[in-house]
Amino acid sequence: MHNETDGNTRTCGLIGHPLGHTLSPKIHNMLAEMTGTNLVYVPFDVQPERIADVLPGAQALNLLGMNVTIPYKNAVIPFLSSIDPLAEKIGAVNTLVREENGKGFRGYNTDMTGLYRSLEQEGIGLAGEAVILLGAGGVARAVACLCAMKGAKHIYLLNRTLEKAKTVADEINAAEGKECVIPMQLEDYPGLPEVPGKYLCIQCTNVGMYPNEKAAVIEDPEFYRHIHTGVDLVYRPLKTKFLKLAEAAGARTFSGLKMLLYQAVEAFELWNHVNISTEQADEVYEAIYGELQAHMNLVLIGFMGSGKTTVSQILAEKLAYHCMDSDADIERQQKMKISQIFADRGETAFRELETESLRKLAEQKPGRIILSAGGGLALKEENRALMRQFGKVIYLKTSPQTVYERVKGDQTRPLLQGDDLIGRIERLEAEREIFYQMAADEVVVTDGKTPEEVADEILTITHLR
Ligand code: NAP
């Protein structure tokens, strides 16, 4: 959180279930800081049986506003004091704004207005366009509404469940008074008519979302030769298989991250009666883009013998990630063993090599890496910042006794040579504990657990499974 809070701080938040990792607090807290707004934004994971309590509770706590995500975009509607006509037309709300008289909340749909603003930003027009929408869920319905209202010429709505596509098409066509939305079974895509100038295709299903990123809702490369622009509303990963296939066929491609940003910008503007400039939005975009990239990587830290190497290999296998070991990397670059670097050049020189190599990684930021970090890396403040810039940092916490059992007899570790091994492990661990805690996003205790169990725990807490 960026802001200072005081007695006048207003609170906004996100309701949904489960929330998992959300970028919304980062976006809104950054916007608050940039605009000098005394506001904090926090996530509220609401259990389904408590949804009726949310709005009265928010009213009692004097919350300024809320965002709403899956599965409550329709469920909150009966509890609103009023609803914006556009949101009513779409049948879903994602933003609640406290009424001027303080009594209740008015519902808006900024998914739709945010998408429109993001398309405009990217120079994608809708008037007169031939559009293919993949999916007929909550978001596809809002997008189909937007396309119809903005004068798209044809809107082919392709869905796995044809009935859903038909219902959405009938409702929008009735509301618009024209037959502009044409429902189709997803697998009938080869029957789409040829159009001059090809199609704009907007991917509105959740297929291809992390961690099932190897899938695209249509896998056939031939389909993509008929589109000039592909927009995927999924933004995790940033480059989905749908976008890769569209790019390979020569189409322009855009992820859903700008839509996420602009639905938040529109909500922030509604709550605070401010205008967010393109420059301000761009600055937030850079930050969330960087965060998405960073969070694709994992960094395992901990004392020697904590299982970093074994656990990172298991995780790499499960996630199809690439393993890196900071010590092995230095040995490879310097063409000599760590013990030799210590003996020839001393520990200080080795620590500088460590920082240098970490800085390169943080700058280049390759994706899908699990970095097993040398035991001493977290001791330097600069390294701690670089590690967090590079990825999510997990501290594998292991007791001195367990470490002793795992490393005794290992002649390759310079810090373990000499008498009273257990005593030295205890002292070193005690010295380093505070630094590991400061560096870590998450802590996993490894005592009494197999490497598989530790890897499973990491997958759960990082929401990577
Ligand atoms: P939803 O209401 O649950 O709809 C899901 C859609 O995906 C349905 O059309 C469903 O088809 C289809 N689908 C799911 N699995 C499929 C499969 N294996 N094969 C073919 N089709 C499949 O979800 P939603 O709220 O519309 O959200 C859809 C996506 O939009 C999500 O990935 C979400 O992250 C993204 N989104 C992005 C933003 C943003 O700001 N960028 C905002 C909101 C949502 P059936 O009808 O046949 O089940």
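This report concerns the structure included in the present document. (Residues numbered from 1 in each chain as written. Predicted model: local features only at pLDDT ≥ 70, side-chain atom pairs only at ≥ 80, totals over all residues. Heavy atoms only, no water.)

**Quick word on helix α13 (residues 338–345)**
Defined as follows: For the exposure calls, accessible area comes from a 1.4 Å probe over protein chains only, and a residue counts as buried if that area is under 20% of its type's maximum, exposed if over 50%, partly exposed in between. Starting at the N terminus, helices and strands are each numbered in turn, a helix being any DSSP run of H or I of at least four residues and a strand any DSSP run of E of at least two. In this description, the arc belongs to the directions extending from the helix axis to the C-beta atoms. Should any heavy atoms of two residues lie within 4.5 Å, those residues are counted as being in contact.
All of the buried residues along α13 are Ile338, Ile341 and Phe342. Looking straight down α13, one finds its buried side chains confined to an arc of 100°; they lie on one side. Lining the buried residues of α13 we find α12 (326–334) and α14 (347–364). Gly346 lies just past α13 and shows a positive phi near 90°.

**Observations concerning the site of the ligand**
Note the cut-off: One heavy atom suffices: a residue is near a molecule or strand as soon as one of its heavy atoms comes within 4 Å of it. The term polar contact refers here to a pair of N or O atoms within 3.5 Å; inside protein, the definition further demands a hydrogen-donor-capable atom paired with an acceptor-capable atom, and it admits residues adjacent in sequence only when both atoms are side-chain atoms. Shrake-Rupley sampling with a 1.4 Å probe provides the accessible areas, and residues are treated as covered by the protein chains on show and by no other component. Residue polarity is assigned by list, with Asp, Glu, Lys and Arg as charged and Ala, Val, Leu, Ile, Met, Phe, Trp, Tyr, Cys and Pro as nonpolar; anything else, Gly included, falls into the polar class.
Close to the ligand lie 23 residues; Val139, Asn159, Arg160, Thr161 and Lys164 are nearest. At 2.8 Å from an oxygen atom of the ligand is found a main-chain nitrogen or oxygen belonging to Val139. Within the side chain of Thr161, a nitrogen or oxygen atom sits 2.5 Å from an oxygen atom of the ligand. Bound to the protein, the ligand loses 78% of the 930 Å² it would expose on its own. Of the residues that constitute the shell around the ligand, the class distribution is twelve nonpolar, eight polar and three charged.

**Section: the side chain of Ser82**
Relative to the helices and strands, Ser82 resides in strand β4 (residues 82–83). At 2.7 Å, the side chain of Ser82 and the side chain of Glu99 are in polar contact. With near-sequence residues (within four places) excluded, Ser82 lies in contact with Glu99, Phe105, Arg106 and Gly107.

**Structural notes on the pattern of salt bridges**
The criterion, for reference: Counted as salt bridges are all cases of a side-chain nitrogen of Lys or Arg within 4 Å of a carboxyl oxygen of Asp or Glu.
This model, assessed by the stated rule, comprises 24 salt bridges. Across the pair Lys318 and Asp456 runs a salt bridge whose closest N-O atoms are separated by 3.5 Å. Linking Lys318 in helix α11 (residues 308–319) with Asp456 in helix α18 (residues 451–461), this pair joins segments that are 138 residues apart in sequence. Exposure remark for Lys318: the relative accessible area of 44% places this residue in the partly exposed category. Asp329 serves as the salt-bridge partner of Arg332, at 2.3 Å between the closest nitrogen and oxygen. With Arg332 and Asp329 both in helix α12 and three residues apart, the pair spans about one turn of that helix. For Asp329, a relative accessible area of 11% gives the class buried. Taken together, the shared-partner salt bridges connect Arg117, Glu266 and Glu269 into one network.

**Some remarks on helix α2 (residues 51–60)**
For α2, the full list of buried residues reads Ile51, Val54, Leu55 and Ala58. Along the long axis of α2, the arc covered by the buried residues comes to 80°, so they all point the same way. For α2, the exposed residues set more than 90 degrees away from the buried face come down to Pro56 and Ala60. Of the surrounding elements, those touching the buried residues of α2 are β1 (10–16), β3 (65–68), β5 (95–98) and β6 (105–108). Just past α2, the residue Asn62 takes up positive phi, approximately 60°.

**What about the packing of helix α4 (residues 110–121) against helix α5 (residues 138–149)?**
Stated precisely, the cut-off is as follows: Comment: axis = line fitted to C-alpha atoms, over the contacting stretch for helices; angle = value between 0 and 180 degrees taken between N-to-C directions. Each angle is binned into one of four classes, with values under 35 degrees roughly parallel, values over 145 roughly antiparallel, values of 65 to 115 roughly perpendicular, and all other values oblique. Take the far helix as the reference: if the near one is turned anticlockwise from it by less than a right angle, the crossing is left-handed, and if turned clockwise, right-handed.
Orientation of α4 relative to α5, taken along the N-to-C sense of each, is 55°, at an axis distance of 9 Å. With respect to α5, the axis of α4 lies oblique. As for the relative orientation of α4 and α5, their crossing is right-handed in sense. For the pair formed by α4 and α5, the contact residues are Met112, Leu115 and Tyr116 on the first element and Ala142, Val143, Cys145, Leu146 and Met149 on the second. By residue class, the composition of the contact of α4 with α5 is eight nonpolar, no polar and no charged.

**Concerning the sheet that holds strand β15 (residues 369–372)**
Keep this limit in mind: We treat two strands as partners when DSSP finds at least two bridges between them.
With respect to topology, five strands assemble into an open sheet ordered β14-β15-β13-β16-β17, the strand pairing being parallel. Since the sheet does not close on itself, it has two edges, and those belong to β14 (322–325) and β17 (442–445), each with one partner. Taking each pair of neighbouring strands and ignoring which way they run, the sheet shows an average axis angle of 25°. Pairing of strand β16 (residues 392–397) with β17, which is carried by four bridges, proceeds in the parallel orientation. Bridged to Ile394 within β17 is Glu442. Set on the sheet, α11 makes contact with β13 (298–301), β14, β15 and β16; between it and β13 the angle comes to about 160°. Its contacts with the sheet put α18 on β13, β16 and β17, and the angle it makes with β17 is roughly 155°.

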